[in-house]
Every structure is written in C-alpha cells, then in structure tokens.
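# Breakdown of the fold
Listed here are the chains, written in short residue letters.
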Amino acid sequence: MEYEIVRMEAAHVPQIAALERSAFPDPWSESSVASDLDNPLSLWLVAQAGGEVLVYVISQSVMGEADMMNLAVLPAARRRGIARALVTALIRELAGGGVHSLTLEVRASNYGAIALYGSRGFRSVGRRKNYYEHPKEDAIIMTKEFTDGTEDPDTGAAADGL
C-alpha cells in the first residue's frame, strides 16, 4: 500500500475524529482535535493514501520530553508496517527538535502495540493501576531516550552520533 507521512492539516480533522471514535472508548472530539492544531506543544503526524487517513499519532512536548498521546490505525491499514513507519517518523521529528525522551501509556492487554513500541526501542518503566476507564485496565508506561538527539531509524536504537 502506497502512503505518505505528513503533518496534520485542518482537512484531516474530520477523518481523525472519526478514527478516534472508532478506536477509543473516550475519544477526542472533533473540536478538540481541531483546536490542538494551534497548540505549539503538539505534533500530529498522519499517514495517508489518496487523501484517506490511515494512521495518525499525536505527541506533546515540554522541555525536551515528549508524551505520545494517541496513535490509531484504520482497520484496513493494520499489520502493514504503516504504524511502525509513523512511529519512526515521530521519533525522527522529535529528536530533530531537541526532544531527548518519548513516553507513552499503552493498555496492558494491547500486546500488538507493546510489541510495536518495543521494536522501536521503547522499554517498560512502570505501570499505572486502573489508568483506563472503559474498560478498567492498567497501563504499561514505556519510554525511549535519545542519547544525543538522534536515532538509528533502522533499529530504533539510539545512534552514537559518529
């Protein structure tokens, strides 16, 4: 499947909001997604094909640390490596912007996502008891640190900068 990775634009908002509603029990509203376009702390990336949003990811960064807020994949685009490519693009963007770590929470039962993040160099650093409400579930906290602000995109490991 051919796709391109771009920064979110206003035209993406309705599709992202629809994907939020289909993917999450407590989705962001369309107005929340739209208003976040102007948030200087947020970075939204979209993988799209023919104008259709396949995958999106949002992060927020403060003082060199970023939090991956959400990532959702259109069902037809799952297991095609698109989410992996989008996470890699996010890591590159953040590292290039001076971010030194990226943290996320993932449902303890979401083995596919945990494996995806592990393949990109994230490691489990803790658990948030009953973090998710619908259904009630723990979150696994995962983080990735960039030692010099760069990363080897092929392995997900921090590059040595040489």
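You'll find the structure just up there.
These lines cover the structure that appears in this document, whether it is placed above or below. Starting afresh in each chain, residues are numbered from 1 along the sequence in its written order. Only residues with pLDDT of 70 or above have their local features reported here, since the model is predicted, and side-chain atom pairs are shown and tallied only from 80 upward, although totals for entire chains, interfaces and linings are computed over all residues. Side-chain numbers here rest on the full set of heavy atoms in the structure, without hydrogens or water.

## Thoughts on the packing of helix α3 (residues 82-96) against helix α4 (residues 111-119)
The convention used is that axes are lines fitted to C-alpha atoms, helices contributing only their stretch in contact, and that angles between N-to-C directions extend from 0 to 180 degrees. Working definition: helices are DSSP H or I runs of at least four residues, strands are E runs of at least two. Numbering for both runs from the N terminus. It is the contact of α3 with α4, at a shortest axis distance of 10 Å, that shows an interaxial angle of 45°. As summarised for this structure, α3 and α4 are arranged oblique, according to the angle between their axes. Of the two possible hands of crossing, α3 and α4 adopt the one that is right-handed. Across the interface between the two elements, Ala-83, Arg-84 and Val-87 of α3 pack against Leu-116, Tyr-117 and Ser-119 of α4. Within the contact of α3 with α4, the residues separate by chemical class into four nonpolar, one polar and one charged. We call two directions roughly parallel when the angle between them is under 35 degrees, roughly antiparallel when it is over 145, roughly perpendicular when it lies between 65 and 115, and oblique otherwise. By definition, turning the near helix anticlockwise from the far helix through less than a right angle yields a left-handed crossing, and turning it clockwise yields a right-handed one. It only takes one pair of heavy atoms within 4.5 Å for two residues to be counted as in contact. Classes in brief: Ala, Val, Leu, Ile, Met, Phe, Trp, Tyr, Cys and Pro nonpolar; Asp, Glu, Lys and Arg charged; the others, Gly included, polar.

## Here's the deal with the nonpolar core
Ranked by internal contacts, the top residues of the largest apolar core, which has 33 residues, are Val-55, Met-68, Leu-71, Leu-102, Tyr-117 and Phe-122. If you list the elements that add at least two residues to this core, you get β2 (42-49), β3 (52-62), β4 (65-73), α3, β5 (101-107), α4 and β7 (136-145). Per element, the largest residue contribution to this core is nine residues, and it comes from α3. Beyond its immediate chain neighbours, meaning those up to four positions away, Leu-102 contacts Ala-66, Asp-67, Met-68, Leu-90, Ile-91, Leu-94, Phe-122, Met-142, Thr-143, Lys-144 and Phe-146. We define a nonpolar core as any set of buried Ala, Val, Leu, Ile, Met, Phe, Trp, Tyr and Cys residues linked to one another through side-chain atoms lying within 4.5 Å. Using a 1.4 Å probe on the protein chains alone, a residue whose accessible area is under 20% of its type maximum counts as buried, one over 50% counts as exposed, and one in between counts as partly exposed.

## Focus: the sheet that holds strand β1 (residues 4-7)
DSSP bridges decide pairing: two strands pair if at least two such bridges lie between them. If you trace the seven strands from one edge of the open sheet to the other, you get β1-β2-β3-β4-β5-β7-β6, paired in mixed fashion. What marks the edges here is a single partner per strand, and that holds for β1 and β6 (123-133). Across this sheet, the average inter-strand angle for adjacent strands is 25°, counted without regard to direction. Two strands pair when backbone bridges link them, and β3 and β4 are joined in this way by eight bridges, in the antiparallel orientation. Residue pairing for β4: Ser-59 is matched across the bridge by Met-68. Sheet contacts for α4: β4, β5 and β7; angle to β5, the most-contacted strand, approximately 165°.

## Remarks on the pairing of β5
Of all seven residues making up β5, six are buried, and the element is well covered by its neighbours. Sheet analysis places β4 next to β5, joined by four bridges and oriented parallel. Opposite Glu-65, over in β5, you have Ser-101 as the bridge partner. At this point the chain moves from β4, through α3, to the parallel β5, and the crossover so formed is right-handed. Look down the strands so they point away from you; if going from the first strand over the helix to the second traces a clockwise path, that crossover is right-handed.

## A word on the pattern of salt bridges
Where charged atoms from two side chains of opposite charge approach closely, those side chains can pair. We count a salt bridge whenever a side-chain nitrogen from Lys or Arg sits within 4 Å of a carboxyl oxygen from Asp or Glu. Summed over the entire model, instances satisfying the criterion amount to seven salt bridges. Across the pair Glu-105 and Arg-128 runs a salt bridge whose closest N-O atoms are separated by 3.1 Å. Remark: Arg-128 occurs in strand β6 and Glu-105 occurs in strand β5; sequence separation between them is 23 residues. In this structure, Glu-145 and Arg-123 form a salt bridge, with 3.5 Å as the shortest nitrogen-oxygen distance. In this pair, Glu-145 is assigned in strand β7 and Arg-123 in strand β6, connecting sequence segments 22 residues apart. Under the relative-accessibility criterion, Arg-123 is labelled partly exposed at 44%. By sharing partners, the salt bridges in this structure join Arg-127, Lys-129 and Asp-138 into a single network.

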